[in-house]
Amino acid sequence: MDVFTSAAELLRNHRPERPVLCLRPHAAARAARWFLANFPGQVLYAAKANDASPIIEALAEAGITKFDVASSVEIARMAAVPNAELYFMNPVKSRVSIRTAFDEFGVRSFAFDSEDELDKILEETGRARDLALYLRIACPNTHSLIPLEGKFGVPMAEAPALLLRARQVAKRLGITFHVGSQAVVPAAFGEALRQVGQLIVTSGVLVDAIDIGGGFPSRYPHSDPPELADYAEEIAKAWDELAVKDSCELLCEPGRALVAEAESVIVRVDARRGNALYINDGAFGTLFDAAYSRFRYPARLIGARGAKGRGEAEFSLYGPTCDSSDYSPGPFMLPPSVKEGDYIEIGQIGAYGRVLANRFNGFGEYDEAVLTDEPMLSMYADTEQPIAAEVSLKTARA
Ligand SMILES: *Cc1c(COP(=O)(O)O)cnc(C)c1O
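These notes cover the structure that comes with them. Just so you know, these numbers come straight off a predicted model, no measurement behind them.

So, about the packing of aromatic side chains. For the coordinates displayed, the defined rule picks out 17 aromatic pairs. Ring geometry for Trp 34 versus Phe 35: centroids 5.3 Å apart, planes at 80°, classification edge-to-face. Take Trp 34 and Phe 35: they sit in the same class, and that class is buried. Within the aromatic cluster, the residues linked to one another by ring pairs are Trp 34, Phe 35, Phe 39, Phe 189, Phe 216, Tyr 231 and Tyr 380. Across from the ring centre of Phe 102, 3.7 Å away, lies the NZ or CZ of Arg 108, which sits over that ring.

Next up on the list: the environment of Ala 257. Structurally, Ala 257 can be placed in helix α10 (residues 256-259). Taking the C-alpha atoms as reference, Ala 257 lies 34 Å from Glu 124; in sequence the two are 133 residues apart. Dropping the residues within four chain positions of it, Ala 257 is found in contact with Ala 31, Phe 35, Phe 216, Pro 217 and Tyr 380.

Moving on, we get to the pairing of strand β18 (residues 343-346). Of the two faces of β18, the one carrying Tyr 343 and Glu 345 and the one carrying Ile 344 and Ile 346 are both buried. In the sheet, strand β13 (residues 263-273) pairs with β18 via 4 bridges, with the strands oriented antiparallel. Looking at β18, one finds that Arg 268 is bridged to Tyr 343. Bridging between strand β15 (residues 299-301) and β18 involves 3 bridges; their strand directions are antiparallel. Looking at β18, one finds that Ala 299 is bridged to Ile 346.

Take the state of the cysteines next. In total, this model carries 0 disulfides according to the counting rule given. This cysteine, Cys 139, is not joined by any disulfide, and Cys 252 carries the nearest cysteine sulfur, 15 Å off.

The strand order β3-β4-β5-β6-β7-β9-β11-β12 describes a closed barrel built from 8 strands, whose pairing is parallel. Averaged over all pairs of adjacent strands, the angle between strand axes in this sheet comes to 25°, irrespective of strand direction. Bridging between strand β5 (residues 85-88) and strand β6 (residues 109-112) involves 2 bridges; their strand directions are parallel. Bridging across to β6, Phe 88 finds its partner in Phe 110. Where helix α4 (residues 72-79) meets the sheet, it contacts β3 (42-46), β4 (66-69) and β5, and its direction lies at approximately 165° from that of β4.

Here the focus is the site of the ligand. As a structural note, the neighbourhood of the ligand is formed by 13 residues, with Lys 48, Ser 181, Glu 253, Arg 256 and Tyr 352 the closest of them. Here Lys 48 contributes a side-chain N or O atom positioned 2.8 Å from an oxygen atom of the ligand. At 2.5 Å from an oxygen atom of the ligand is found a side-chain nitrogen or oxygen belonging to Ser 181. Compared with its free state, where it exposes 390 Å², the ligand has 90% of that area covered by protein. Looking at the shell around the ligand residue by residue, the classes come out as 3 nonpolar, 5 polar and 5 charged.

Pairing of strand β2 (residues 20-23) with β13, which is carried by 4 bridges, proceeds in the antiparallel orientation. Residue pairing for β13: Val 20 is matched across the bridge by Ile 266. With 4 bridges connecting them, β13 and strand β14 (residues 276-279) associate as antiparallel partners. Looking across to β14, one finds that Arg 272 is bridged to Leu 277. Counted between consecutive antiparallel strands, the loop separating β13 from β14 contains 2 residues, among which Gly 274 sits at a positive phi close to 60°.

The rules behind each value
Each chain carries its own residue numbering, running from 1 in the direction its sequence is written. Under the rules for a predicted model, residues below a pLDDT of 70 receive no local features and side-chain atom pairs below 80 are neither given nor counted, while totals for whole chains, interfaces and linings still include all residues. Calculation of side-chain values draws on the structure's entire complement of heavy atoms; hydrogens and water are dropped beforehand. Paired rings are identified among Phe, Tyr and Trp, the last through its six-membered ring, by centres lying within 6.5 Å, and are further divided according to the angle between planes into stacked (under 30 degrees), edge-to-face (over 60) and tilted (the rest). Think of it in three bands: residues with accessible area under 20% of the maximum for their type are buried, residues over 50% are exposed, and the middle band is partly exposed, with areas taken using a 1.4 Å probe on protein chains only. Two conditions define a charge sitting above a ring: the NZ of Lys or the CZ of Arg must be within 6 Å of the ring centre, and it must be within 35 degrees of the ring normal. Strands are runs of DSSP state E lasting at least two residues, helices are runs of H or I lasting at least four, and both sets are numbered from the N terminus onward. It only takes one pair of heavy atoms within 4.5 Å for two residues to be counted as in contact. Strand pairing is assigned whenever DSSP identifies at least 2 bridges connecting the two strands. When the sulfur atoms of two cysteines come within 2.5 Å, that pair is taken as a disulfide. Structural elements are reduced to axes, namely lines fitted to C-alpha atoms, with helices fitted over the stretch in contact, and the angle between N-to-C directions of any two is expressed from 0 to 180 degrees. Any residue with a non-hydrogen atom lying within 4 Å of a molecule or strand is treated as near it. Any pair of N or O atoms that falls within 3.5 Å is considered a polar contact. Within protein, one atom must be able to donate a hydrogen and the other to accept it, and sequence-neighbouring residues count only if both atoms are side-chain atoms. Note that accessible areas follow from Shrake-Rupley with a 1.4 Å probe, and for residues the cover is restricted to the protein chains shown. Amino acids are sorted into nonpolar (Ala, Val, Leu, Ile, Met, Phe, Trp, Tyr, Cys and Pro), charged (Asp, Glu, Lys and Arg) and polar (every other residue, Gly among them).

Dropping the structure here:
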């Protein structure tokens, strides 16, 4: 993959017809180092957030080799990482995917949130004696911008009976939850951990692991969350209050926070109508969350001419397909002079960007390049010296 020092340098060499996914593996590596150094437990990467090989390799080189996976395809992909340890945390799995995970990929950790799913796991693994079973409990998603509740998670009232049953068949028993994605209040984790503590007391069942899921935030123009250190502190405090803390392992499964700032996309303006720009990527591409979750991403006009004219104006973005829902209201801040033929870099699309792109209307194909500059926004910029470019070059060529 070609390596450039910035989007501007990339465009000096050619004028791409397709949108360009710009990978910053060094930013993923920095996020991984932060989690490994500051999270008081095991760190799993939630593989669904971004499946680009250079990103996964950067995370792995930084030391993340445990992965939260949800499908057979994710299992096969992540199993290729040296020393990978896979946690099959989708609470509803197909029988074949359980059996393949167990037989062919050595997966022993499985999530469940119902009696039926527990039975399914036991049947498909031949009632193996070395299973690590994680009960997914429902928890409030009130502090997150993208709630994930409703689909999964056993209600508190039914949890004790399931825990008791699983305790009898599991080698290791865990409890897991997800507070919702882009959880902007650290207390979300403390509240959920206290709920777990209560569940352990009321059920009288000892657990070996508590997996607090993902939800750690990234930085966007519409969402400036507290520092990640505040999350680590809140979690450590709540953990300290748990009676089981000395015999229990703590795990987390960040997706967004590890990869959001590790990718941006270069798009071209194909038309301007007032303050609406028609660009060559959109809601059916990397901007799904901009269209459907009202995310705002940082944007900048690329190139030497970009600096002329000071100040910025508000723009909305139409994608290239013929569907009128292919619209991201933003606003996205750009120079008022932006016009047809200009290229724009849209940042922070590393989480749930490329993985949500589809082929509607024949779009959804990208060029790819590695950029070695800083992400447009960062949760980690102040946590380390400026990132060494050699690291990213090495990763990109690996
Ligand atoms: C999606 C998901 C994650 C990652 O969530 P983020 O908000 O991206 O951190 C972690 N665990 C599970 C079970 C998930 O479904």
